[in-house]
Structures are given as C-alpha cells and as structure tokens.
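Chain residues, written in single-letter form:
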Amino acid sequence: LLNAIEMAPRDPILGITEAYNADKNPKKSNLGVGVYYDDNGKLPLLECVRKAEAQLMEKTAPRGYLPIDGLAAYDKAVQDLVFGADSAVVKEKRAITAQAIGGTGALKLGADFLKRFAPDAQVWISDPSWENHRALFESAGFVVNNYPYYDATTKGVNFAGMLDTLKNMPAGSIVLLHACCHNPTGADLTDAQWTQVIEVVTSRGLIPFLDMAYQGFGDGIESDGKVVGLFANAGGPVFVSNSFSKSFSLYGERVGALSIVATSAEEAARVLSQLKRVIRTNYSNPPIHGGQVVATVLATPELRALWEEELAGMRVRIREMRQAFVEKLKAKAPNHHFDFVITQRGMFSYSGLTKEQVTRLREEYSIYAVDTGRICVAALNSGNIDYVVDAVAQVL
Ligand code: PLP
Ligand code: TYF
C-alpha cells in the first residue's frame, strides 16, 4: 500500500515559511504567509485575550465535551458579530451558527454540507483566490471553476468580467466570495458593485458562500461585515465562514464558525440538525479553549472595547505600512508606480512583482514573498521597511 505513494507537493505558502526558517541571513523578512506581526516583527498576544484567559483561569472548570455545534455563548456572540445583534435574521432566528476549527474548518463543514444537499452543483471561486479554496471544495467532491476577478492592468477588480460570469453560470451554482480584504489581491468590490452582485446572485438563484477571514482589517468591524448583512437580508440560503485567527491573533487555537442563513426559523432548525451530522462525522465536537476566550471577550463590554481598540491598532499599522512602502518606493524608484498598494485592503498586496523578481528578492536579499507577487503588508515594520524597499527598487 504505502510503497507506491508519491510525494505530495508542498503547500506553496507554508513552504515559503519553511525556507525562511532555514535562512541564516539576519536581515531576512517573511512577507509570504498571511500573519499579522507587530512593529517589532513579533506575533502579538492581544491584551483582551490575556485578560480573558486570566478570568477563565480563576474559574477553571472540568473539560466535558462541548455540544456538537460548539459553545452556545460563542455561537451567539459570533452570530451577533457577523450579522448584527439587531438584524432581522438574528431576531427571527433564521440563521444558525456552529463553532468550527478555524475558518478552514468552517469552509470544510460548509463544503461537506453542500455536497450532501446540492451534490450536482459546481463551485465558483475568484481568479485568483486563497489556494485552499479550490482544494477544500475539490476534496469535498465538487468541480471548482474560476470567475474573473483580478485585472493585472488596472491592479483592481475586473468587475465586468466577474458580473458577466455570474450572469451566465447555471442556477444553483455555489459562488465563493471574499467578504472583505481579498486574499491574495487586496482588491475589494465597492458598495455599488456588491449591490449588483447581490442582485444577480439572488435573481439567478445562485448560492452565495461568503468567506470572512479578515473582518476588521479593512475599514472596521462593522463596515467590513456589512456585505454579510446585505446578503442575509436578501434572503436565504447564505453560507458564511468566519475566522478569528487574524482578528484575535489566535491562529493556533483554531477558532472560526460556519453560519447558514435560512428563510425561516423552522427551516434553520432542520439545517442545524443536518449540519450537526456533518460535524459529528468529521470531529464530533470542537475544542473548548479558543471559543471560550473569544466568547468572553465579545460578551464582556470592557474586553470587547479593548479588542476593538487592538484590532484598530493592527488595521492602522498596516495602512501606515502601505503608505510608507509607496512613499519610500517613489523616492527610490520614481519611474514605477505603486499607488495601488494604498487602495488595497487587508493584509495583502498583489504587488505586481514578477516571479523572477520574487526569486531575486529571495536569493539575493532573503526577502520571502509568494511567487505570484503577493506580499503580506502586515509583515512590514519600521525596522525592515527600508531594507525591503531598497531591495524591491533593486530588482525592479
Ligand atoms: N479564508 C481565507 C481567505 C484565508 O485567507 C484564510 C487564511 O488564513 C482562511 C480562510 C482560513 O483561516 P484559518 O486560519 O482560521 O483556518
Ligand atoms: O494565505 C495565507 O497566507 C494565510 C495563511 O494552508 C495560510 O491564509 C496559508 C496556507 C494554509 C493555511 C493558512
């Protein structure tokens, strides 16, 4: 059995981190993986998390199994955050939310659920998208197609192409959309464009699946999540995966959730019962700690305010790095234009650097980016930005 098994290809993004870790150059920079580092280049432990954990330590409890769909307080807090506590979907109990093993786990639950109830549908993801989107839906048994998204000439969204493809895909198709802070391009839709997308998705009977891994990294918690509310108000079904890996800097705790919007409370109850079956056959029930931390922060006004402040701090620092990158590059390479980096949102920028330039950055400067030219702006800081900008100017 095992002797004929071939070596699987390395994860293209996590492979970069392996190469970075092995690099002995003290000036090395990892702009590959999508992780937020603070201005000292360190992974932050948020103060709101530290305080919530201190509270939890005082009342340590035995570790029974959580319910299949996770901690009730967590699911409630996530639902209020994602849809708005005063939203009609929440008040009418039309949405169900289940704790998941990170955003990835939420996508996997959604994919398995959909394969059970829409087995013949095809899935459409943006071109390009997060690498794992295709792999996750293919491994759930779906055919995965691309809709046009990034326009390399404008460094923005090819909206006409996207909308045209949405208008022509078969009814019942599953459309994966990035709610905010598009990974890998950093190019998001405008409000007016979202309105048009919702119109087409609804009128054509497409199934929207919103992936929100970066809520709070664009313009703010509420405005980044707005599109989820707009889809929910347009009626069901709507699938939403969200993650706290980045917004709470809780990568290793694996905290996320899958929400599904139905058309009535009664339908939602049936949906939840079936989703629980999917969870049961995947991992039975989720772990306790991360969900408890997030639920404590979201439900404690003082900690919630602290979280919002700390998240704003991350968002603002990334914006400052975008600004500094563009300004410094303008001085070093005046013939090249990088203004689009300021407009892009979230952790990433599709920098326009070619594969050859990325290779030179790695080999000559120990600066690690993704071959597609994606850089993680959240890995820039006041200590490495001049070195990175000098190197980029050299390879241009
Ligand atoms: N969706 C997108 C677009 C992402 O960039 C990521 C990456 O981290 C995820 C989902 C997965 O999140 P998690 O790390 O919580 O599994
Ligand atoms: O795109 C990124 O860099 C992040 C981190 O299998 C990541 O989403 C990358 C690959 C992966 C899991 C997380």
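Remember, it's a predicted structure, so these values are computed and weren't measured experimentally.

A look at the overall build of the chain
And step 1. Looking only at helices and strands, the chain has 15 helices and 13 strands in total.
And step 2. Expressed along its principal axes, the backbone C-alpha trace of the chain runs to roughly 60 × 55 × 55 Å.
And step 3. Counting over 396 residues, the chain shows a buried share of 45%.
And step 4. Taking as baseline every contact in the chain between residues at least 6 positions apart, the subset at least 24 positions apart corresponds to 75%.

A few points about the site of ligand 1
And step 1. Around ligand 1, the surrounding shell consists of Gly34, Gly102, Gly103, Thr104, Trp130, His178, Asn183, Asp211, Ala213, Ser243, Ser245 and Gly256.
And step 2. Its residues assigned to classes, the shell around ligand 1 shows two nonpolar, nine polar and one charged.

Topic: the nonpolar core
And step 1. The biggest cluster of nonpolar side chains holds 113 residues, and the ones touching the most others in it are Leu210, Val228 and Met347.
And step 2. Among the elements that make up this core, the one with the highest residue count is helix H12 (residues 301-332) (eight residues).
And step 3. Look past the residues within four positions of Leu210 in its chain and what remains in contact with it is Leu177, Ala179, Val227, Val228, Phe231, Val238, Phe239 and Val240.

Details of the site of ligand 2
And step 1. Every residue close to ligand 2 is listed here: Asp11, Ile13, Leu14, Val33, Gly34, Trp130, Asn132 and Asn183.
And step 2. Among the residues making up the shell around ligand 2, the classes are represented as four nonpolar, three polar and one charged.

Focus on the domain arrangement of the chain
And step 1. Per the domain assignment, the segments making up the chain are domain 1 (10-45 + 304-395) and domain 2 (66-299).
And step 2. The distance between the C-alpha centroids of domain 1 and domain 2 comes to 27 Å.
And step 3. If you list the elements that add at least two residues to the side of domain 1 that touches domain 2, you get helix H1 (12-22), H12 and strand E11 (348-350).
And step 4. For the side of domain 1 that touches domain 2, the leading source of residues is H12, giving seven residues.
And step 5. In the side of domain 1 that touches domain 2, the residues fall into 16 nonpolar, six polar and five charged.

Brief notes about helix H7 (residues 159-168)
And step 1. Within the sequence span of H7, burial applies to Met162, Thr165 and Leu166. Angular distribution of buried residues about the axis of H7 spans 100°; they occupy a single face of the element. Away from its buried face by more than 90 degrees, H7 exposes Ala160, Lys167 and Asn168.
And step 2. The inward-facing, buried residues of H7 contact strand E4 (144-148), strand E6 (156-157), strand E7 (174-178) and helix H8 (191-203).

Quick notes on the sheet that holds strand E3 (residues 123-127)
And step 1. Strand order in the open sheet formed by seven strands is E2-E10-E9-E8-E7-E3-E4, and the pairing between neighbours is mixed. Only two strands of the sheet have a single partner each, and these edge strands are strand E2 (95-101) and E4. For this sheet, the mean inter-axis angle between neighbouring strands, taken without regard to orientation, is 25°.
And step 2. Note: E3 against E4, five bridges, orientation parallel. Paired with Ser126 across the two strands is Tyr147, which belongs to E4.
And step 3. Packed on one face of the sheet, helix H10 (residues 265-282) meets E2 and strand E10 (255-261) and runs near 15° to E2.

Considering the UniProt feature "domain: Aminotransferase class I/classII large" (unreviewed entry) in the chain
And step 1. UniProt feature "domain: Aminotransferase class I/classII large" (unreviewed entry): in the numbering of this structure it lies at residues 27-392.
And step 2. The span residues 27-392 is 47% helix and 15% strand, and its two end C-alpha atoms sit 14 Å from each other.

Topic: the environment of Ser349
And step 1. Counting through the fold element by element, Ser349 comes out in strand E11.
And step 2. Overall, the presence of 32 C-beta atoms within 10 Å leaves Ser349 in the buried class.
And step 3. Measuring from C-alpha to C-alpha, the distance between Ser349 and Gly373 comes to 8.1 Å, with 24 residues separating the pair along the chain.
And step 4. Excluding residues within four positions of it along the chain, Ser349 makes contact with Gly186, Val341, Gln344, Ile375 and Val377.

Considering the pairing of E7
And step 1. Of all five residues in E7, five are buried, a share of seventy percent or more.
And step 2. Burial along E7 is two-sided: Ile174, Leu176 and His178 and Val175 and Leu177, pointing in opposite directions, are all buried.
And step 3. Relative to strand E8 (residues 207-212), E7 runs parallel, the two sharing five bridges. Residue pairing in the sheet places Leu176 in a bridge with Phe209 of E8.
And step 4. Following the chain from E7 across H8 to the adjacent parallel E8, one finds a crossover that is right-handed.

Reading the values: rules and limits
- Here the residue numbers are simple positions, counted from 1 along each chain's written sequence.
- The order in which chains are written sets their letters, starting at A; the order in which ligands are written sets their numbers, starting at 1.
- For this predicted model, a pLDDT threshold of at least 70 governs which residues receive local features, and a threshold of 80 or more governs which side-chain atom pairs are given and counted, while totals over whole chains, interfaces and linings are taken from all residues.
- Only DSSP runs of H or I reaching four residues or more are called helices, and only runs of E reaching two or more are called strands; each is numbered from the N terminus.
- Neighbour density around each residue's C-beta defines its exposure: 20 or more other C-beta atoms within 10 Å make it buried, 12 or fewer make it exposed, and counts between make it partly exposed, where C-beta atoms are placed from the backbone.
- What counts as a contact here is a pair of residues whose C-beta atoms, placed from the backbone, lie within 7 Å.
- For each residue, a C-beta position is placed from the backbone atoms; the residue is near a molecule or strand when that point lies within 6 Å of it.
- Each residue gets one of three labels, nonpolar for Ala, Val, Leu, Ile, Met, Phe, Trp, Tyr, Cys and Pro, charged for Asp, Glu, Lys and Arg, and polar for the others, Gly among them.
- Core membership is restricted to buried Ala, Val, Leu, Ile, Met, Phe, Trp, Tyr and Cys residues, and these are joined into a nonpolar core through C-beta atoms within 7 Å.
- In this document the domain limits rely on a domain assignment from an automatic tool or a database.
- Note that the arc is computed from the directions linking the helix axis to the C-beta atoms.
- Pairing between strands is defined by DSSP: at least two bridges between the two strands are required.
- The convention used is that axes are lines fitted to C-alpha atoms, helices contributing only their stretch in contact, and that angles between N-to-C directions extend from 0 to 180 degrees.
- UniProt positions are given in the numbering used here, feature names are shortened, and annotations may be inferred rather than shown by experiment.
- Handedness of a crossover: with both strands directed away from the viewer, a clockwise path from the first strand across the helix to the second marks it as right-handed.

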